[in-house]
Every structure is written in structure tokens, then in C-alpha cells.
Amino acid sequence: RSRSNARGEPVGMVRETATWAISNVCSEHLQSVSQMVNQLILALVHTLKDIPRVAHMGATAFHNFFSMLIDSNSQSFLNTSANLFESLASELWTAAIRSDNGEWKLLEDAFEALIRLVEAAPAEKEAVIGDVLIIHSLKRLDEIRMNAVEDSSGYQEVELCDLVGQCIMKLDANLLNHRLPNVDGQFSLVDKIVETMMHVLQRNGSSAHANALQTIGEVTRIVGDNFERYKNHVCGLALAGLGAHTNAQTCVAAVRLCSDICSALGKNVMNVSVNNANFVELLLQQVFSNLASNNLDRDVKPPHLTVLADVAMAIEMDGFRRFFELSMKVALDAAGVHLDVEDEDLADYLNNIREAALEAIEIFVLDATEADLANFLAPLAGLCKQIAMEVQDSRYYYQDKAELCPPDLNERPLDYKVSEAVMKPLLGTLAEVAGKSKTFAQEIHNSNQIFGALFSAAAQSSNSDLRETADYAKQKLSA
């Protein structure tokens, strides 16, 4: 001890290593020491009060412990001791807001552990989540906004928004059962959440814009058509986030919030105005502009295609018809990418974007008339043939690439192949269009040999939805 400095080194290093060992036990071998769990928890609680290099490892150990409870479906353990959940939440919160929380990533690790604790919380702890953790987090965010709490890194604001979001997901519809202290009204807590997140979004330079948008999205999903009370305040902020397409995280969160808004309001979304302009028109203009940009992060493209489908479902064909042609062209272009690639990550991305594009197309054609589809029958038939041929030819991908051919080619599924998530909306689209156009149905029927592998792959799938969709497509083609 006499050789240690003021920060507890090197003794602190020894305690950190010991805590790291406990962390590994919590993540991989917890069942082996089940009789010692209470002692482990007590030891870890003490580490949260230690110097940052030890405390951060204690928080990591708690994160691993809560993850193990979730993975083993043992969340009820948090009910085995009186106030155990409450005590752990309090200790982690205290560690997260320590004055030295900027050292050794203590702030991030403690909040991540707290978020994981909320995810592991048994139903009986709803009151702690709704009446304590959310309210404490909102108060802390207000203090940051008013500069009563220093957050120069911006990390605390990010983690607080994520903690509120996780609490909302855990409570789900029960969120509406909670109120602000001494404030009447069913929506008092929800109003405060939305107000606080709006303040975060209005702060220039905040690192938590994406997190705040995600949290509002969780609220929107729960309140449904009661989102009317927030539309005049939130919709403009969602569009602003969508316009920041060079910031992938913010843009993705914004476009998903726009999807949630459309789902919540349904046809009434057409009545929403932002700066005296129609919200839906502004939304689609920005979506089309983003998709045409060479600077759009590739991970942002799938949710942009998804929001087109959500708009179509919300306003139905009578409202969507004026956007139908451009939306179809954009989705067909995205779905038409070829999967003949050698990079596994790129193949996954292409499957993801085609899945989103085909799901959008399936929604577009659902209520379309044959006249609506007239200009798209040939492109749709061509797309269906293209992907069907990829399914048919996928196992021959390496036939002229011997140097790349994996030795177990015939023994494993190949990462580059057309995913089942792509096959299902493709077959759904094929069925819907065939049911509206005999010309299209005949074109597909005449190419029956091409589609054999597609229907065979669907029939052999363990996914019952895919099998049912394939059967439905067969019925439509044979009608």
C-alpha cells in the first residue's frame, strides 16, 4: 500500500483484475457458482464505489450478469431478495453520475449496465422503472440542458436518452399508467418525455439527436392515434433529422420515427402540416432526395424504402396514387441489384435492401388496379425472373471461380444466396400482381422452369409464412 499513488495504483490494478475475473465468471460460468451469487453481487456493489478503473469493471460485470439472467430466462432472481432490484438500480445510478465518471468509461459502462438491468427487470418492478428511473433520467437531462450538470463529452445525454427509451420499451402500454409526481392527467409523464426529448433535439451540437428520436419513436408506437397531441411539435423535428442524411444514425432514427408517425396517425397523417406545407409531401420529397444522393450511407437506404411502404399503408391507395409511380420506380431500382458479389457483408446488405424494396412493392401493389400497374408489368416480371434465376443458379456461383470455391460448398448454406426474407415479399408481389393481370400471370406461367427452384426452396423452408406465401402465389398463377 505504501508504494501506491494517490489514485490507488498499483493496488487498484489488482482489484480491477479481480473484478475482471468476476466479470468473466458472470458472463460465461455463472451456473457453476450459483451458490455464491449473493456474495458475488455484494462484492461487485463494493467495486462500484472504488476508483474508476475498478468501478467501470464492476459495472461491466453487472452488465454481463444481467445478460446471463436474460439469456437463461432467470429474471425472477431479481425478486429473490427484498429490494435487490431497487438497490442495484440505485448503486448503478450513483456510479453513473459520479463526478469522476469520465474516467475509464465509467459513465458509459454504468449506464449500459443500468439499461441491461431494466431489460432484465421482472414485471413486478414496473413502478421502479416508471416512477423512479424515468423521472430521475428526465430530471438529469433537464439539468444538463440548463448547465447545472457538466456533460462536455455528450455521453451522459446519450446514455440518459437510451435509458429512458429502454424503460419505455419495458413498460410498453403500461407507460400510460404512470404520472409525474403531483401532476394530474393520463399523459403527464409521456408529455414530459416528449418535451425533454424535443429539448435535446433543439440543442445544436448535441450528440444525442438519434437517441432522442428513437425514444420519441417508442412513445409514438405506444400512444397510437393520441400522437395527435404531439404532431405539431415533433413532425418538423423528424423531418429535420431526415434532412441530416450525412449523419447515418440520426437519419435512420428520423426515418423510423416518420414510419411510426404514419402508423400511429393512419389517414390523418395527410392532415399534418409543417411550416404550412403538407407533412407527407415533405417527407416523400426528402426520402426521394436522400435515395438519389451519392452521399447516403448504405445502411440508411433500407429504412427509407420501408417508410415509403408505411406511407402507402397509412394513406391507402386513394391518397398514395399520386406518389405511386415514382415510389414504384425507386423500389424497383433498389430491388433490381444483382447478388453476384464475392463479399459476404455486401451480399448481406444487398439482401437487406432488396427485402425492404420488395416489401414496399408488395404493399404498393396490394390495392393497385391493373391500370395503375400497366407501366410496371414488364419490369415486375423481369425482376421476378431475375431473382428466381439467382435462386436457381446460386449453387453454381463458383463454377468459374475455382480459386474461390469453399471446400464444403455442397455441405452448407451459402452466404451469398438469396435470403428467405427476400423470397417471401417477392412471392407475395408475384401473387398480388398475377391476381390483377392475366398478362402478367401468363408471362410468369410461360417461364415456369425458371421459377421451379424458387417454389422448391420456399416449400422446403422451415418458415411457415414463406411456405404459405408460395402456396398463395401458386393459386393465383393457376387461377
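Our subject is the structure listed above.
Residues numbered from 1 in each chain as written. Predicted model: local features only at pLDDT ≥ 70, side-chain atom pairs only at ≥ 80, totals over all residues. Heavy atoms only, no water.

1. Regarding the overall build of the protein chain
Inference 1: When you go through the protein chain residue by residue, the secondary structure sums to 20 helices and two strands.
Inference 2: Classification of the 479 residues of the protein chain by burial places 53% in the buried group.
Inference 3: If you take every contact in the protein chain between residues at least 6 apart in sequence, the share linking residues at least 24 apart comes to 71%.
Inference 4: Of the roughly 22,600 Å² that the protein chain leaves accessible, carbon and sulfur atoms contribute 47%. (Helix = DSSP H or I, 4+ residues; strand = E, 2+ residues; numbered from the N terminus. Buried < 20%, exposed > 50% of the residue type's maximum accessible area, 1.4 Å probe, protein only. Contact = heavy atoms within 4.5 Å. Areas by Shrake-Rupley, 256 points an atom, 1.4 Å probe, with all protein chains shown as cover.)

2. Details of the packing of helix 4 (residues 84-96) against helix 5 (residues 106-120)
Inference 1: Where helix 4 contacts helix 5, the axes come no closer than 8 Å and their chain directions differ by 160 degrees. Comparing the axis directions of helix 4 and helix 5 gives the class roughly antiparallel. Crossing angle aside, the handedness with which helix 4 passes helix 5 is left-handed. Touching Phe 85, Leu 88, Ala 89, Leu 92, Trp 93, Ala 95 and Ala 96 of helix 4 are Leu 106, Leu 107, Ala 110, Phe 111, Ala 113, Leu 114 and Leu 117, all from helix 5. (Axes fitted to C-alpha atoms, helices over the stretch in contact; angles between N-to-C directions. Parallel < 35°, antiparallel > 145°, perpendicular 65-115°, else oblique. Left-handed = near helix turned anticlockwise from the far one by under 90°.)

3. Here we look at the packing of aromatic side chains
Inference 1: Tallying each qualifying case throughout the model produces seven aromatic pairs.
Inference 2: Consider the rings of Phe 320 and Phe 323, whose centres lie 6.2 Å apart with planes at 55 degrees: the pair is tilted. Pair noted here: Phe 320 and Phe 323 are both in helix 13 (residues 301-335), with a separation of three residues, about one helical turn.
Inference 3: Centre to centre, the rings of Phe 320 and Phe 364 are 5.3 Å apart; their planes meet at 25 degrees, and the pair counts as stacked. Note that Phe 320 is positioned in helix 13 and Phe 364 in helix 14 (residues 344-366), a separation of 44 residues in sequence.
Inference 4: What makes Phe 364 buried here is its relative accessible area of 1%.
Inference 5: In this structure an aromatic cluster arises from ring pairing among Phe 62, Phe 65 and Phe 66.
Inference 6: Against the face of Tyr 349 rests Arg 298, its NZ or CZ located 4.8 Å from the ring centre. (Phe/Tyr/Trp six-rings, centres within 6.5 Å; stacked < 30°, edge-to-face > 60°. Lys NZ or Arg CZ within 6 Å of the ring centre and 35° of its normal.)

4. A word on the pattern of salt bridges
Inference 1: This structure, assessed with the given rule, holds 20 salt bridges.
Inference 2: For the salt bridge of Arg 140 with Glu 143, the shortest nitrogen-to-oxygen distance reads 4.0 Å. Residue Arg 140 and its partner Glu 143 are located together in helix 6 (residues 126-145), separated by three residues, close to a single helical turn.
Inference 3: Linking Arg 145 and Asp 142 is a salt bridge whose minimum nitrogen-to-oxygen distance equals 3.4 Å. Of this pair, Arg 145 and Asp 142 are both found in helix 6, three residues apart, which corresponds to roughly one turn of the helix.
Inference 4: On the accessibility criterion, Arg 145 (31% relative accessible area) is partly exposed. (Salt bridge = Lys/Arg side-chain N within 4 Å of Asp/Glu carboxyl O.)

5. Re the side chain of Glu 432
Inference 1: Mapped onto the fold, Glu 432 is located in helix 17 (residues 420-436).
Inference 2: Despite its burial, Glu 432 pairs with no opposite charge, the nearest such side chain being Lys 436 at 4.6 Å.
Inference 3: Side chain to side chain, Glu 432 and Tyr 472 meet in a polar contact 3.3 Å long.
Inference 4: Filtering out sequence-adjacent residues up to four positions away, Glu 432 remains in contact with Val 365, Leu 366 and Tyr 472. (Lys, Arg positive; Asp, Glu negative; His and termini not counted. Polar contact = N/O pair within 3.5 Å; in protein donor to acceptor, adjacent residues only side chain to side chain.)

6. A short note on the nonpolar core
Inference 1: Phe 62, Ile 193, Ile 261, Phe 279, Leu 283, Ile 361 and Phe 440 are the most contacted members of the largest nonpolar core, which has 160 residues in total.
Inference 2: Considering every element that reaches this core, the biggest residue donor is helix 13, with 17 residues.
Inference 3: Apart from the residues within four sequence positions on either side, Ile 261 is in contact with Thr 220, Phe 227, Val 234, Cys 235, Ala 238, Val 269 and Phe 279. (Core = buried A, V, L, I, M, F, W, Y, C linked by side-chain atoms within 4.5 Å.)

7. Details of helix 5
Each α-helix winds once per 3.6 residues, and so residues spaced three or four apart point in a common direction.
Inference 1: Under the 1.5 Å per step criterion, the end-to-end length of helix 5 is 21 Å for 15 residues, consistent within 8% with the ideal 21 Å.
Inference 2: Of all 15 residues in helix 5, 13 are buried, a share of seventy percent or more. (Expected span 1.5 Å × (residues − 1).)

8. Some remarks on helix 7 (residues 155-171)
Inference 1: Between the first and last C-alpha of helix 7 there are 24 Å, a value that for 17 residues agrees with the 24 Å anticipated at 1.5 Å per step.
Inference 2: Two residues or fewer after helix 7 comes Asp 172, characterised by a positive phi angle close to 50 degrees.

Keep in mind these values describe shape, not function.
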